[in-house]
Structures are given as C-alpha cells and as structure tokens.
Amino acid sequence: MQQPSGIGITAIGAYAPPKVVTNADYEQHLETSAEWIESRTGIRERRYAADDEFTSDMGVRAVQDLLGRYPQALEGVDMVICATATPDASFPATATLIAAQIGLHGVGGFDLSAACSGFLYACAAAQGLVAAGINRRVLVIGAEVFTKIVDQTDRATAILFGDGAGAAVIEQVPQGYGFQGFVLGSDGAGAASLYAPCLAPKLPDGTVIDSRYTVMNGREVFKFAVRIIPESGQQVMDKSGLKVSDIDWFIPHQANIRIIESACERFRLPLERTIVNLDRYGNTSAATVPLALSEAVADGRIQDGQQLLMVAFGGGLSWAACTMKWYAGNGVQDL
Ligand code: COA
C-alpha cells in the first residue's frame, strides 16, 4: 500500500447565484457601453446574489455542490476556513455560520482576510494545519457577495465584480500529488489602490476614507497585476523545480482578460492552457480560483496527475501563487 505523503485537494465544488447581469444591463443606468466593458475587461456577464443572500449562503451552496460530486467528502472534516472580503458579520466568522448549516458541529472555524488572494492563502493555511497534524481534513471555502460592497452607480468598479463561491477539501494525498509550493506576499504600502471601508476613517498613509464602498485605482491595480502574476508565478515554479513547459493548466485570478493575456505572454504560455471563465462570472474575488478550478475539473479539462499553476492578486495589496499536481482520487480513503 502506498503511503500518503502529499497534501492536496481531494474534492471541489462551486456555486454562482442564478441572477445574470449582462453588460447591456449597465447601459440602463451608467454612462458606459457593453462594447467598452467587454473590450476593456473580457467580461460579458456576471452573477448577483439576491438582496437577502449573503456570503454564508454562497458558501453553503458551494459545499452542497461539492457534496453532490463527492458524497463522502465532509466525513472527518475538523476545520473550516472561509476566505472572504465580504463576511456576513464582523463576527462570528462566516466559516462557523457555514459549518453549522452543513452539519459540521464542534469543528474549528475561522475567516481569512486576504481579498482576492484569499482562497490560495487559505489553501496554504490548510496545508500547514494538516502537515502539522493539527487537523486531518480542512474544508476551504472562498465565498463573496462583492457586488454588495461595490457602488452600483460607479461605472469604474460596478462592472467588474460578481458573486459566488468555491469549496475544496484539503487532506493527505498519495506521494507525488498535491501542493508543491506556495508564494504568499503583500505590500500594505499599496493599500490605497484598492480597499473597502470598515471602522477606520483613514488608511495609515493618511488617505481619508469617505466612501461606504470599494475604492479602486484601476490603473495602479492593473500595473501591479501585470507585474506580480509573472513574478510570483515564476518564484513558485522555481521553488517547486518546475518550468513553464511543465504546466498543463494555468489558473489565474479572474479579474481582467487583458491582465491574463499579459501574464501568458510573459510566461510564453499559450492562452489555450489557461482556465478563463471571467466572461461569465466577472471578478468574484476570493471565489475566482476555486470557481475556475471546479468548472475545469467538472468538464474534464483537468485530469489526474496534471500540473497546475494558480496565481491570485488583490487588495492589500496581496498576492498568492501555488503549484499543485491534481489528484482525482478521494484522499486517504483511497490508499
Ligand atoms: N465605461 C466607460 N468608460 C469607463 C468605464 C466604464 N465602465 N470605466 C472607466 N471608464 C473611463 C474612465 O473614466 C477613463 O476616462 P478618462 O480617460 O476620461 O478619465 C477611461 O475610461 C479610461 O480609463 P482607464 O482606467 O485608463 O481604463 P483602462 O483601460 O485601464 O480600464 C479597468 C479600466 C478598470 C478595466 C482596468 O484598469 C482594470 O481592469 N484594472 C484592474 C482592476 C482590477 O482588476 N481590480 C480588482 C483587482 S482584484
């Protein structure tokens, strides 16, 4: 019998609410055009949560999708981490609200705040918890209702974001599979480029916070993204002893197709080996990477043993890159 020696994802699921908002819908109330939005971002439509739906609802639905595909997946889960920038409440953690609704009573639970990089940060945290023997199976969720913290009258931000969630179970997997490396970074000096208010009236650099909604300097974030994706992606490949030619699938944060194309050019990686679904979901913040991963596993693009590179970036400014060999089995029970 093969001994388990890796740690990786053994189950994945995702959810996006049914309400579709197309680019043309914004033409009704914003000075914009469907053509402008698609040509500048690659986004055609995105999903909006209902007025009475919040991040815990997105997360529960993603876990239900995961359970539909991997019915045994929650057995033995002893920790839930929810990566989100839009928690239901300051406290309790959205992770605990989700855990209670999916029948996980008494397990550990906490939220992780790293904006759009949150899911990959949470995967790294989960790997550490399992490697240290603190937990056996960790349910990692990236869930957001970002449209609720965006000013729907601001054409520069409203068009970019959507709502949704992804969920993954992380545990031991056979040798040679699972996570190979992580690069996690942040630079709070860039906080003013992208933030959403909470309690403080100012950022530490003196920036006065006078909006209730997400504030973004699109050009600054764009420049940061086209620099940090190739930089952190290359770092994590070097750390893992991999070359671009080893990568079967690149799964980037889904913010803007021009950012993704620029990264592919820098890597000399064909767009055909990249998972892109931002045309249908827009930027769902911490949910983009698991949503894209979940879709590509479900439709058979990602196969057992394939080499993945995932890179995310966002508010913080923050970034996270990860290499992983996909394992299509069911974790330690399979061994
Ligand atoms: N419709 C029409 N015009 C718009 C618009 C919209 N929805 N949003 C902005 N504009 C205008 C701007 O006001 C600006 O007008 P001005 O030149 O008169 O000032 C003009 O379009 C060009 O703005 P610019 O910011 O240079 O456009 P861009 O090509 O950089 O595209 C973004 C704007 C926001 C799409 C792009 O900068 C971007 O994607 N940045 C990264 C944002 C991001 O990913 N955030 C989340 C990170 S996790």
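Everything that follows concerns the structure shown earlier in this document.
About the criteria used
Residues numbered from 1 in each chain as written. Predicted model: local features only at pLDDT ≥ 70, side-chain atom pairs only at ≥ 80, totals over all residues. Heavy atoms only, no water. Axes fitted to C-alpha atoms, helices over the stretch in contact; angles between N-to-C directions. Helix = DSSP H or I, 4+ residues; strand = E, 2+ residues; numbered from the N terminus. Parallel < 35°, antiparallel > 145°, perpendicular 65-115°, else oblique. Left-handed = near helix turned anticlockwise from the far one by under 90°. Contact = heavy atoms within 4.5 Å. Near = heavy atom within 4 Å. Polar contact = N/O pair within 3.5 Å; in protein donor to acceptor, adjacent residues only side chain to side chain. Areas by Shrake-Rupley, 256 points an atom, 1.4 Å probe, with all protein chains shown as cover. Nonpolar A, V, L, I, M, F, W, Y, C, P; charged D, E, K, R; others polar. Disulfide = S-S within 2.5 Å. Buried < 20%, exposed > 50% of the residue type's maximum accessible area, 1.4 Å probe, protein only.

*Asks:* Can you lay out the packing of helix α7 (residues 218-239) against helix α8 (residues 257-267) for me, pointing to particular residues and giving the numbers?
*Replies:* Close contact between α7 and α8 brings their axes to 9 Å; oriented N to C, the two are set at 40°. Relative to α8, the element α7 is oriented oblique. Handedness of the crossing formed by α7 with α8: right-handed. Mapping the contact onto sequence places F222, A225, V226, I229, P230, G233, Q234 and M237 in α7 and R258, I259, S262, A263, R266 and F267 in α8.

*Asks:* Which residues make up the site of the ligand, and what values go with them?
*Replies:* Near the ligand there are 22 residues, and of these T32, R40, G218, R219 and N256 occur at the shortest range. R40 is positioned such that a nitrogen or oxygen atom in its side chain is 2.7 Å from an oxygen atom of the ligand. Calculation on the ligand without its partners gives an accessible area of 960 Å², and the protein chains cover 75% of this total. Those elements giving two or more residues to the shell around the ligand turn out to be α2 (34-41), α6 (155-158), α7 and β12 (307-314). When residues of the shell around the ligand are assigned to their parent elements, the largest contribution, 4 residues, is made by α7. A per-class count over the shell around the ligand returns 10 nonpolar, 7 polar and 5 charged.

*Asks:* Give a detailed account of the state of the cysteines, specifying residues and quantitative values.
*Replies:* Taken as a whole and judged by the stated rule, the model has 0 disulfides. C264 takes part in no disulfide bond, and the closest cysteine sulfur to it belongs to C322, at a distance of 17 Å. Classification of C264 by relative accessible area gives buried; the value is 4%.

*Asks:* An account of the side chain of Q254 is requested, with residue identities and associated values reported.
*Replies:* If you trace the backbone, Q254 turns up in the loop between β11 (249-252) and α8. In this structure the side chain of Q254 is engaged in a polar contact, spanning 2.8 Å, whose partner is the backbone oxygen of P252. One polar contact links the side chain of Q254 to the main-chain carbonyl oxygen of I275, over a distance of 2.9 Å. If sequence neighbours within four positions are ignored, Q254 has contacts with I260, I275, V276, N277, L278, G282, N283, T288 and A292.

Structural measurements only, silent on function.
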